[in-house]
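# A structural walkthrough
Residues per chain, in single letters:
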Amino acid sequence: MDKKILETVKELTAEQLGIEVDEVNEKSSFIDDLGADSLDTMELVLALEDEFGIEISDEETEKLKTVADAVKYIEDNK
Amino acid sequence: MSKRVVITGMGALSPVGKEIDEIWNSLMNGESGVQKIDRFDVSEYSSKIAGLVKDYNSEDYISRKEQRRMDKFIQYGIIAAMKALEHSGLEITDDIARDVAIIVSSGIGGMETLSKQHSRLIKRGPKRVSPFFIPKMISNILSGYISIRTGAKGPNMSVITACATGTHSIGEGFNKIKNGTTKAAIVGGSETPVVPLGLAGFCAMRALSTRNDEPEKASRPFDKNRDGFVMAEGAAVLVLEELERAKRRGADIYAEVIGYGASADAYHITAPQENGEGAAIGMQKAIDDAGIEPEQIDYINAHGTSTPLNDVTETKAIKTVFGDHAKKLYINSTKSMTGHLLGATGAFETLVTALSLKKGKMHQTINIENQDPECDLNYLADGPVEDDIQYAMTNSFGFGGQNGILVLKKYNE
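Residues numbered from 1 in each chain as written. Chains lettered and ligands numbered in written order. Predicted model: local features only at pLDDT ≥ 70, side-chain atom pairs only at ≥ 80, totals over all residues. Heavy atoms only, no water.

### Section: empty space enclosed by the protein
Residues and elements named next belong to chain A. To keep it simple, the criterion reads: Method remark: on a 1 Å grid restricted to protein atoms, a set of points is classed as a cavity if a 1.4 Å probe fits but cannot get out and as a pocket if it is open with protein on both sides within 12 Å along at least five of seven lines; lining residues have an atom within 4 Å of a point. Grid points are joined across faces, edges and corners, and a volume is the space filled by probe spheres set on the points. Working definition: helices are DSSP H or I runs of at least four residues, strands are E runs of at least two. Numbering for both runs from the N terminus. Charged means Asp, Glu, Lys or Arg here, nonpolar means Ala, Val, Leu, Ile, Met, Phe, Trp, Tyr, Cys or Pro, and polar covers whatever is left, Gly included.
Summed over all chains, the structure comprises one cavity of 30 Å³ or more. In this structure, the largest cavity encloses a volume near 40 Å³. Lining the largest cavity are Phe30, Thr41, Leu44, Val45, Leu48, Leu64 and Ala70. The element that contributes the greatest number of residues to the lining of the largest cavity is helix 2 (residues 38-52), accounting for four residues. When grouped by side-chain class, the residues that make up the lining of the largest cavity number six nonpolar, one polar and no charged.

### Concerning the nonpolar core
All names here are of chain B. Keep this limit in mind: The definition of a nonpolar core used throughout is a set of buried Ala, Val, Leu, Ile, Met, Phe, Trp, Tyr and Cys residues joined through side-chain atoms within 4.5 Å. Three exposure classes are used, based on accessible area relative to the maximum for each residue type with a 1.4 Å probe and protein chains only: buried under 20%, partly exposed in between, and exposed over 50%. Each domain's extent is set by a domain assignment, obtained either automatically or from a database. Working rule for contacts: check all heavy atoms of both residues, and any pair within 4.5 Å makes them a contact.
Of all hydrophobic cores here, the largest spans 45 residues; its most connected members are Ile7, Met10, Leu238, Leu240, Phe348, Leu351 and Leu408. With seven residues, the top contributor of residues to this core is helix 15 (residues 345-359). Each of domain 1 (5-248) and domain 2 (260-401 + 405-409) accounts for three or more of the residues forming this core. Ile7 has contacts with Leu238, Val239, Leu240, Asp252, Ile253, Tyr254, Ala255, Val257, Ala354 and Leu408, leaving out every residue within four places of it along the chain.

### Here we look at the layout of surface pockets
All names here are of chain B. Reported here for the largest pocket is a volume of approximately 470 Å³. Those elements giving two or more residues to the lining of the largest pocket turn out to be helix 13 (308-322) and strand 13 (391-398). If you tally residues by element for the lining of the largest pocket, the top one is helix 13, at six residues. Classifying every residue of the lining of the largest pocket gives 13 nonpolar, 14 polar and four charged. Taken domain by domain, the lining of the largest pocket gets at least three of its residues from each of domain 1 (5-248) and domain 2 (260-401 + 405-409).

### Here we look at the UniProt feature "domain: Carrier" (unreviewed entry) in chain A
For clarity, the threshold we go by: UniProt positions are given in the numbering used here, feature names are shortened, and annotations may be inferred rather than shown by experiment.
When the UniProt feature table is mapped to this numbering, "domain: Carrier" (unreviewed entry) covers residues 3-78 of chain A. When the span residues 3-78 of chain A is considered, its composition is 62% helix and 0% strand, and the gap between its end C-alpha atoms is 15 Å.

### Concerning the sheet that holds strand 13 of chain B
All names here are of chain B. Keep this limit in mind: The criterion for strand pairing is that DSSP finds at least two bridges linking the strands in question. As a rule, the C-alpha atoms of each element are fitted with a line to give its axis, helices using only the stretch in contact, and angles between N-to-C directions run from 0 to 180 degrees.
Ordered in space as 5-4-6-7-1-8-14-13-9-10, the ten strands form an open sheet in which the pairing is mixed. In this open sheet, the two edge strands, each paired with only one partner strand, are strand 5 (156-157) and strand 10 (330-332). Sheet topology places strand 8 (residues 255-264) next to strand 14 (residues 402-409); eight bridges connect them, and they run antiparallel. Following the sheet pairing, Glu256 is matched in strand 14 by Lys409. Packed on one face of the sheet, helix 15 meets strand 1 (5-13), strand 6 (184-191), strand 7 (234-242), strand 8, strand 9 (299-301), strand 13 and strand 14 and runs near 170° to strand 13.

The following block contains the structure:
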């Protein structure tokens, strides 16, 4: 897993959800562990798209359950 | 039989303070909260001044995550509501939750959010618009948020009447308790219009004072040299309760709400009617609703915006309703110190009116240096006054010709 991408995803997740970066790890589930709701998830996807210059479709968004899922998707589509 | 309705809690964020004692002391000392706008570059705007909340810090009430989802009008409104609820000591337990109404409104809503998201749409396309855009912007969301915070499950809505929003919100909540629909109501208004789009819009109307070099003297209701209103931001929320229930739980009572009048000018979208007829109809309705005679009113907290038209037409309306008694009234304009809080202004001024009844003191109208001869009543130009007043009225007139008036009474057993 690309450490730099992981760190950036963790930082963006923390910022969007108003939590500390060290509360986020690669196994964290956005919804179950970090308390995100559907609107938070959409906003986070917007931030990831901006940061990495990619597009994440609604279908793909639904598959991104954890930080690791997001990092992998970014690695594969960057 | 109709129920008696009392004010048991009050909370506010305003240009003259964020705590009730601080607000009252500022007003009694004649201190203006109007300043130069320092949040964005105002060099291109004709009006460069506003009444701003100082040292705003939401962290005791609103988490970082929540702040991202809330336009500032929502944050201000929630804080004022939570302060009012704490002040009242009312606990919204399961047995009363369905009998607590919430009507806390904004005249405009999240203008800053609208501006930012519109820029994103234009610059970067529809896919870049935030999913929080709509729930951050819509005016009614504030009452929704307060219900989520407090658990109040009674009637929940917003009443949007521009500069009369706060007054109508209180009036509608008052009626719900009076007619037995609910036992309590959290009511008021919140507005944060001092953003580039808001300032530009009001500047374009030539509605605002351009006395930019003397911010503290710019809001000068009833003065001959007034040149428009001063925009301001803030929120004010009151807790209303049915009297008997409030007494049983040992609540402190600040004042009784006894009358509510609403009317329309049916005249013009922004200008008040020259003879003040619509405003006078509203005042008379409020007096009739209170079941008193005009001569019993001691004090009017006026709409008093400092626009050339309002202060004259409001004076005419007062004379129409009160006749010879008009000269005996104490009248003041809180806006002379706060500026115009738009959708929050009626709620803030009701709060001030309630405190005035409780304390038997009325603040002065500052900046009346040359009183307009067409405004020939007693506006407390020379300083605060002490008197054991019993009945007071507060006026609010909104764009669209929408008038909201309340009558309050000093609380006596």
